[in-house]
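# Residue-level structure breakdown
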Amino acid sequence: MRRLKKLSKSHSVTVTPGSDGSSATTAMETATVAAASTASDTNGGSGAGSVLNPDIFKHFDKAGRSEFLKYLKQQLQESADSPVYDQNGVFRQGVSNAIYELLWQALRFTHKKDLILHLLTEVVAIHKDFPSLIVDVVNILDSETSLMTEGLQEERHGFVQLVKDMDKVVPESLLKERLEIDTLQEVGIVKNKGFYSKFIKVKTKLYYKQRRFNLFREESEGFAKLITELNQDFEESTTPESIMDIIKSLIGCFNLDPNRVLDIIIESFETRPDRWQLFIPLLRSYMPTGAIICEVLGYKFCHFKDSRTPRSLYHVCALLLKHEVIELNDVYVWLTPNDGSIKANWVQELSDAREMVRKLNLISTNKKEDDKEPPPPPPTVKRFDEEKYNLNQKFGLCEALLKVGDWENAHRIIQKLPEQSVVIQEPIARAIVELIHLSVEHIYYKKCFKAPAGRKQSRNRLYDDAKLVAKMQAREFVDLRKYTWPMANVLGPAMHCDTVLMYKLIRIMSKLIVEMGVDSMNGPPPNSEAEKHYYDIMTCMDSCILPSLLYLDNNCSMSEEIWAVLKYFPYHFRYSLYARWKNDSYQLHPNLIRRSGLAMRDIKGLMKRVSKENVKQLGRLVGKYCHCAPGLMFDYILLQIQMYDNLIAPVCDMLKFLTSLSFDCLGYCIIESLTLTGRGRFKDDGTSLSLWLQSLASFCGTIYKKYSIELSGLLQYVANQLKSQKSLDLLILREIVHKMAGVESCEEMTNEQLQALCGGEQLRGEAGYFSQVRNTKKSSNRLKEALANNDLAVAICLLMAQQKHCVIYRETAAHSHLKLVGNLYDQCQDTLVQFGTFLGSTYSVDEYVERLPSIITMLREYHINTDVAFFLARPMFTHQINQKYDQLRKSDPNAKKLTTTQRMQKYLDATQLIMNPIVESVRPLHSAKVWEDISPQFLVTFWSLSMYDLHVPNDSYQREIGKLKQLAHQAAEGKDSNQSKNKKEQERYIALMEKLNDERKKQHEHVDKIQQRLQEQRDSWFLLRSAKSAKNDTITQFLQLCLFPRCTFTALDALYCAKFVHTIHNLKTANFSTLLCYDRKSACGWFICSSVQESINNRKYLLFGPKNRTIKYPENTDCTVFGRTYRI
């Protein structure tokens, strides 16, 4: 076991190859593999049939020898060509292991040495490759025994004795070839003691001694003839082989130094780089090893390290790299300066640019009056330093590589250095631009722009290389991915030096994305070629096109071209591009940092002069700044608006000169400003929202109404905030709905406004709000489309409803101020009502029904309270009833001859068909005991009706019609010179009056139908459990499930509750005590409110309720007061 452990260690030792060359090394490696796998082979090798049985060595003198030979022959049956490899070329371990174990028998003196040698003689006769294999195994045993420690020297002695007699088995020459010199001397095969030292000397002379040349014996005539031959006017039939023969003859005749000859060839190549077809093969045949050529070039570069390196040297080096005569890494080490100094210089340039921007923002407060020193020159953008560029050989070689079309090697140089530090150099940038022009030349004139007749091809010499043109020029869109997009992405903001190329790439992108058939709502199919193009375009926009726009002043046409591509991407993709464009792109170049500082200085000066009088003049300047750097401008504008809300109106007027791209970027900047951390959203007292948030919300409403800016991002942001249980940003939604749709969210309404809100849509628009609803049709439709495209209308409604009922518990748990909790609750409530009103008035009833979930879904799945659920679903009920009524009426054969009574019956049937499923669906919401006091039908009836269904505000109609008559009269008698305008105004007022009259008539008919419906249902509303049962429980259920929740919902709902109780009383509803209802409501009405607004709504109910009227009971009517019944 001890020996096996030592052997396992010795197998990892690397054997030093002998002095006889690579064949010995190969044999040693083969033997090493064979010996190292001995242990695994004993457990099962990869032989042809079986594994060598180790027991054969126990009876080796008898049958063991024959079994051993039989085993070797069996191993050769599968492949007779080689004893080591099978037919598939897989190494077999069986034969090697068998010989290895056999030789160890002799080393351990288990069997006699002569017996083993005699057996090996028979083994050698089996196959011609066995002698080589035996010597390989002997070599392994030599390594193992030479490393053995004390106590095992007898095995080394046995090895030496075995090798001494090994010449009887294998040739002595083979032993000399494979075994180490020390072993050969120890065995006695090599008896010369100075052999090893002589071997070292020969090896040194062969590999390390350099040949001497007597430079004085070289004749100048030979070099003169060589220069003449290399610089003559070559004929077309001249070949590199003929020139090579001449060079060889000159070297032999004049005994020229080959290295100096190589230098002269390169010098001649520099003077005539256009004959590269001749010189490249000549250099390749003259000096196959590129490292030596690199050394000659390196000495040339070192000579010019402190001066301007000739362009011809760069050109020759680039051609050699392009045609793979030399390797980039071999020549790169000779170039100056080193990478570390280039990186340090780049970091210093960035630091200097940041320092300049910092000084721009400093305000000096200690300037003396008597200081007469001249002011320093104003800071400007740093110009290109040509002298510094010429001293950088790495930049020069990169430029030369690009000019010969070797993009691969040029890109490798760019990757070795800070990327933008290379491409920011103007010559390199223009060289990359020429390559990109070459790559898009064909596809641009094929797909995007029809080439004019007689158009001349570019004079750039890149087009002379047909192989390069065929390699780099894109024929189809898919070819752009090979060179065009990678080169553009590397070039980055430096593409600003060629706006023509920018236009070409943008138009190619536009054509490509149009052919894909995508838009902002539908992307390309996943894992498709179109998806790869889609993301290639976005990457190029991010890394190249948008950053380049920062350099282009006043180029609005470029901005519009970019928007023609970006508008096909979803808003979240566009906003991610704007984020990197605004926050990261300015840090790429030192000049961009300087430009951002200078631009911010000018923007601050411009904003100091903003007023109502100079809006138009300053607006043009704002537009110019926003064409190239909208992010900087909008950040500062939004900051000023948050501090000074009186800037909102003039700033909105100033922004009319913006491009579509700038407006879209403004949408992103608004969201980013809302999400900035570190600012408190509450005032210091913690009871109300901060002023900056209120100002920003007001600006959002104004700017989104005035200009066509996409709303999807802002609406999604509000929805995400609601998902996170944050309701503060509902202020933004409220302002947007108010400004864009004209739907106000008023905390306190006048009595005239409440009466007007009881009417139809036209009356509500004319008299229901503090401000007249004008010019909101387009903006309202834009808001509607934004909600519909992103499926946010219903989502925001449901999230607001859920937030309304959790905000109290969440803010109370956070120990917020009680006043703040109430304000947040009221804000959720007001915004929900405002948003629901907007949806009901903007969406058609069919759209509303299609998008909104059913009342049961809202109550059960979304856990929406009854008041909110019925508020959202209420418009659906009337629409469904009218549809069903039309179906029943048209299905009747005598539809045109129906009487009023028959039509009313049809309406009642339609109502029953629509409302009965809803009645049955609300039954599981409450226990059976509740339905013993009031019926589900009454609950549904109460929550499904509105003030429009119960009351016609005739006074409000008459008042508004009177106002319109007066305005029409004034327009008719107007003495203005513009008579046509006055006539149009008069016609508009008359049309409004007609609409109001028609609306009042329709409402009268509708109210009559509802009254008939209530008259039909009244007897089934309240059911007594027993004849003697009091009505207290009925009133309690009515107050808890109907009256209390709804009278605090909105002021109009409070008015509805008062009107509904009065209606119940007038209908003489059985088992309902009006006096008991008012007594209970008045006693506890002030203790159910949770916020200021709910208290105001409750007061509206008390103000307009029948309690403040004289209730007239018919004669002989039973009146129940405090549980006692009286006859009136």
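## Description of the packing of aromatic side chains
Counted by the stated rule, this structure contains 34 aromatic pairs. On the basis of an interplanar angle of 35° and a centroid distance of 4.7 Å, the ring pair of Tyr534 and Phe569 is categorised as tilted. Taken together, the residues Tyr534 in helix α28 (residues 529–549) and Phe569 in the loop between α29 (556–566) and α30 (571–583) connect sequence positions 35 residues apart. When its relative accessible area of 2% is taken as the criterion, Tyr534 is described as buried. Under the relative-accessibility criterion, Phe569 is labelled buried at 1%. Taken together through their ring pairs, the aromatic side chains of Phe870, Phe877, Phe938, Phe942, Trp943, Trp1021, Phe1038, Tyr1056 and Phe1060 make up a single cluster. The ring of Phe942 carries the charged tip of Arg1046 above its face, separated from the ring centre by 5.7 Å.

## Some points on the packing of helix α32 (residues 615–628) against helix α33 (residues 630–643)
The N-to-C vectors of α32 and α33 enclose an angle of 125°; their axes lie 6 Å apart at closest approach. The angle between α32 and α33 falls in the class oblique. Residues Val622, Tyr625, Cys626 and Cys628 of α32 form the contact with α33, whose participating residues are Pro630, Met633 and Phe634. Looking at the contact of α32 with α33 residue by residue, the classes come out as 7 nonpolar, no polar and no charged.

## Description of the nonpolar core
Leu655 and Leu787 are the most contacted members of the largest nonpolar core, which has 273 residues in total. If you tally residues by element for this core, the top one is helix α24 (residues 426–448), at 11 residues. Sequence-distant contacts of Leu655, that is, excluding residues within four places in its chain, are made with Val622, Phe634, Ile637, Phe663, Leu666, Phe699, Ile703 and Tyr707. Within the second largest apolar cluster, 48 residues are counted, among which are Ile56, Leu72, Leu120 and Val123.

## Observations concerning the pattern of salt bridges
When charged atoms on two side chains of opposite charge get close, those side chains can pair. Under the counting rule described, the total for this entry stands at 38 salt bridges. In this structure, the salt-bridge partner of Lys403 is Glu399, at a minimum N-O distance of 2.8 Å. Of this pair, Lys403 and Glu399 both sit in helix α21 (residues 393–403), separated by 4 residues, roughly a single helical turn. Classification of Lys403 as partly exposed rests on a relative accessible area of 39%. Glu399 gets classed as buried once you look at its relative accessible area, which sits at 7%.

## With respect to the side chain of Asp498
Considering the arrangement of structural elements, one finds Asp498 in the loop between α26 (484–491) and α27 (499–516). With no salt bridge to any partner, buried Asp498 finds its closest opposite charge in Arg430, at an N-O distance of 5.6 Å. At 3.1 Å, the side chain of Asp498 forms a polar contact with the backbone nitrogen of Leu501. Leaving out residues up to four positions away in the same chain, Asp498 has contacts with Val433 and His437.

## Focus on the confidence of the model for the protein chain
Residues of the protein chain with pLDDT of at least 70 account for 84%, and the chain-wide mean is 80. Here residues 1085–1089 scores under 50 on pLDDT; set against residues more than four positions off or in separate chains, the count is 12 contacts. Under a pLDDT of 50 for its full length, residues 1098–1128 has, in the predicted model, 72 contacts with residues more than four places off or in other chains.

## A few points about a positive patch on the surface
A grouping of Lys616, Arg620, Lys624 and Lys656 is seen on the molecular surface, where their side chains present a positively charged patch. Following the sequence through the fold, Arg620 ends up in helix α32. Since its relative accessible area comes to 42%, Arg620 is described here as partly exposed.

What counts and what doesn't
Residues numbered from 1 in each chain as written. Predicted model: local features only at pLDDT ≥ 70, side-chain atom pairs only at ≥ 80, totals over all residues. Heavy atoms only, no water. Phe/Tyr/Trp six-rings, centres within 6.5 Å; stacked < 30°, edge-to-face > 60°. Helix = DSSP H or I, 4+ residues; strand = E, 2+ residues; numbered from the N terminus. Buried < 20%, exposed > 50% of the residue type's maximum accessible area, 1.4 Å probe, protein only. Lys NZ or Arg CZ within 6 Å of the ring centre and 35° of its normal. Axes fitted to C-alpha atoms, helices over the stretch in contact; angles between N-to-C directions. Parallel < 35°, antiparallel > 145°, perpendicular 65-115°, else oblique. Contact = heavy atoms within 4.5 Å. Nonpolar A, V, L, I, M, F, W, Y, C, P; charged D, E, K, R; others polar. Core = buried A, V, L, I, M, F, W, Y, C linked by side-chain atoms within 4.5 Å. Salt bridge = Lys/Arg side-chain N within 4 Å of Asp/Glu carboxyl O. Lys, Arg positive; Asp, Glu negative; His and termini not counted. Polar contact = N/O pair within 3.5 Å; in protein donor to acceptor, adjacent residues only side chain to side chain. pLDDT = per-residue confidence, 0-100. Patch = residues over 30% accessible without salt bridge, like charges linked within 9 Å, V, L, I, M, F, W, Y side chains within 5 Å. Areas by Shrake-Rupley, 256 points an atom, 1.4 Å probe, with all protein chains shown as cover. Charge placed at Lys NZ, Arg CZ, Asp CG, Glu CD.

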